[in-house]
Every structure is written in structure tokens, then in C-alpha cells.
Amino acid sequence: AVVSTQSTGYNDRIHPDTRCNDSLYTLTECVNTHLKMLKLVLDHCSDFLSWSHVEAIWDCLVSPKAALHHFDECCDWFSKAVSDLDPTTQNKLFEQRLMLLDTSSIRPRAFSCFKVYFESINVREGKIKRWTNNSFNVESLKMTGAKFIWEVSLEAKDEVVSRDAMNYLLRVN
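First, a word on what this report is: a plain description of the structure on this page. Predicted model, so just to flag it, every value in this text is computed and none were measured. (Residues numbered from 1 in each chain as written. Predicted model: local features only at pLDDT ≥ 70, side-chain atom pairs only at ≥ 80, totals over all residues. Heavy atoms only, no water.)

## Here we look at the environment of T144
At step 1: Position of T144 among the secondary structure elements: in the loop between β2 (136–138) and α6 (146–155).
At step 2: Considered as a pair, T144 and E95 are 49 residues apart in the sequence and their alpha carbons are 9.2 Å apart.
At step 3: When neighbours within four sequence positions are excluded, T144 is seen to be in contact with F94, E95, F118, I121, N122, E125 and K127.
At step 4: Among the polar contacts made by the side chain of T144, one reaches the side chain of E125 at a distance of 2.7 Å. (Helix = DSSP H or I, 4+ residues; strand = E, 2+ residues; numbered from the N terminus. Contact = heavy atoms within 4.5 Å. Polar contact = N/O pair within 3.5 Å; in protein donor to acceptor, adjacent residues only side chain to side chain.)

## Considerations on the pattern of salt bridges
At step 1: Counted by the stated rule, this structure contains twelve salt bridges.
At step 2: Its salt-bridge partner being E55, residue R97 comes within 3.0 Å of it at the nearest N-O pair. Highlighted residues: R97 in the loop between α4 (87–96) and α5 (108–124) and E55 in helix α2 (residues 51–61), separated in sequence by 42 residues.
At step 3: Residue classification places E55 among the partly exposed positions, given a relative accessible area of 27%.
At step 4: Note that E119 is salt-bridged to R130, the shortest N-O span being 3.7 Å. Of this pair, E119 sits in helix α5 while R130 sits in strand β1 (residues 128–130), and the two are eleven residues apart along the sequence. (Salt bridge = Lys/Arg side-chain N within 4 Å of Asp/Glu carboxyl O. Buried < 20%, exposed > 50% of the residue type's maximum accessible area, 1.4 Å probe, protein only.)

## Some words on a nonpolar patch on the surface
At step 1: Taken together, M37, L40 and V41 make up a surface patch of nonpolar side chains, about 270 Å² in accessible area.
At step 2: Tracing the chain through its elements places L40 in helix α1 (residues 27–43). (Patch = residues over 30% accessible without salt bridge, like charges linked within 9 Å, V, L, I, M, F, W, Y side chains within 5 Å. Areas by Shrake-Rupley, 256 points an atom, 1.4 Å probe, with all protein chains shown as cover.)

## Considerations on the side chain of T103
At step 1: With respect to the secondary-structure elements, T103 resides in the loop between α4 and α5.
At step 2: For T103, a relative accessible area of 7% corresponds to the buried category.
At step 3: A polar contact of 2.3 Å, which involves the side chain of T103, links it to the side chain of E155.
At step 4: Not counting residues up to four positions away in its chain, the partners in contact with T103 are F148, E151, V152, E155 and A156.

## What to know about α4
At step 1: Buried within α4 are the following residues: T89, Q90, L93 and F94. All buried residues of α4 lie within an arc of 135° about the axis, which places them on one face of the element.
At step 2: You can read the cap of α4 off the contacts: a side-chain oxygen lies 3.0 Å from the backbone nitrogen of T88, and it is on D86. (Arc of directions from axis to C-beta.)

## Here's the deal with the nonpolar core
At step 1: Judged by nonpolar contacts, the single largest core of 43 residues is most densely connected at W58, F78, L93, L98, I106, Y117 and F118.
At step 2: Of all the secondary structure elements, the ones that give two or more residues to this core are α1, α2, α3 (68–80), α4, α5, α6 and α7 (159–172).
At step 3: Sort the elements by how many residues they give to this core and α5 lands first, with seven residues. (Core = buried A, V, L, I, M, F, W, Y, C linked by side-chain atoms within 4.5 Å.)

## Some points on the side chain of D72
At step 1: For D72, the location among the structural elements is in helix α3.
At step 2: By relative accessible area, D72 is classed as buried at 7%.
At step 3: Discounting residues that sit within four places of it in the chain, D72 has contacts with R107 and R109.

## Describing the environment of S140
At step 1: Looking at the secondary structure, you find S140 in the loop between β2 and α6.
At step 2: C-alpha separation for the pair S140 and I128, spaced twelve residues apart in sequence, amounts to 7.0 Å.
At step 3: A polar contact is formed between the side chain of S140 and the backbone nitrogen of K142, at a distance of 3.2 Å.

## Description of the packing of aromatic side chains
At step 1: Applying the stated criterion across every chain, the model contains ten aromatic pairs.
At step 2: Here the aromatic rings of W77 and F78 are separated by 5.1 Å at their centres, their planes lie at 80°, and the arrangement is edge-to-face. The burial state of W77 is the same as that of F78; both residues are buried.
At step 3: Taking the centre distance of 6.4 Å and the plane angle of 65° together, the rings of F136 and Y168 count as edge-to-face. Of this pair, F136 sits in strand β2 while Y168 sits in helix α7, placing them 32 residues apart in sequence.
At step 4: For F136, a relative accessible area of 10% translates into the label buried.
At step 5: Relative accessible area serves as the criterion here: at 2%, Y168 is assigned to the buried category.
At step 6: Among the aromatic residues, those joined into a cluster by ring pairs are F94, F111, F114, F118, F136, F148 and Y168. (Phe/Tyr/Trp six-rings, centres within 6.5 Å; stacked < 30°, edge-to-face > 60°.)

Structural data, given as C-alpha cells:
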């Protein structure tokens, strides 16, 4: 979809209500529809999403010009798509994108996405043992990404995120 660009004056980001080339749908509606379609395809095939595709999706929706709403939608989508990424791609997304987010300005949905991958990676590495009632036991205090949680709890400007990080630290320590 071709997007008509307009200066929004809001940090020069593309406004989420910008109309796509057919003028019937907003950019947000187009992005959400494409992400839902991709998830549907991934749910019905046996392949994983490659790192190059993950990187392209992330970089497009989290770019400095993208709407903040798209960043939140991207985080929500990746939270749901964790099983559609092979372990290597999960690690790359975690280490090369999620753990590089600015801890002082991290948003709630981004931190939720971080936690999904934190748990997935640490369970796979045997550092966390997950139980069926959504709780887990910590098997090793040297969990991948634990330092990031500490940084979020200490530096996040959003009080909800900071409190969530502190509570999460209590669960994993």
C-alpha cells in the first residue's frame, strides 16, 4: 500500500490516521490487517518467520517516522508470534531489538513483549521452569536479559512500566 505522506508536526512521525493510496483505510487499519493476515498464514503453515522478515517488520513499524501506535501494535504482534519464530530468530529479536530499547522511555506494550521473549529464551536455556498456572521457578539467577529488567525498573519514566518491572523482578528473583 502506498501511503500519502503529510507533515504531522508531531516529531515528524507519520500520523496513524493517514489514508493509504485507496483512501478507504487508514494506515493503522492497513498495518493491522497486514499483521493479522501474516499471523493467520503463519498459524497455518509449518515454517518459521525468517530473521530478515522479522527485522524488516520491526524496522518498518518501529522506525523514527512510524506512529507510536504502530510501535505498540508491532510489540503486541510479536508477543503473539513468539511461537512463529525459531529459537535463533527469537534470540536475535530479543538481543538486537528488544534489549536495545531505551529503558527510560519504554512503553507498557514493549515491556510486555520483552517479558514474553525473556521467558521463552530463559525457559529454553533451562534458567526458568514454567508451570501450567502461569507461574515459574527460577533455576539460575544468570538469566538472559535480567539486567535490562533492572534498568527498566530504575530508569523508566512511565510509573506503570517501572512498577511492572519491579514486580517482575520480585517474581524472577
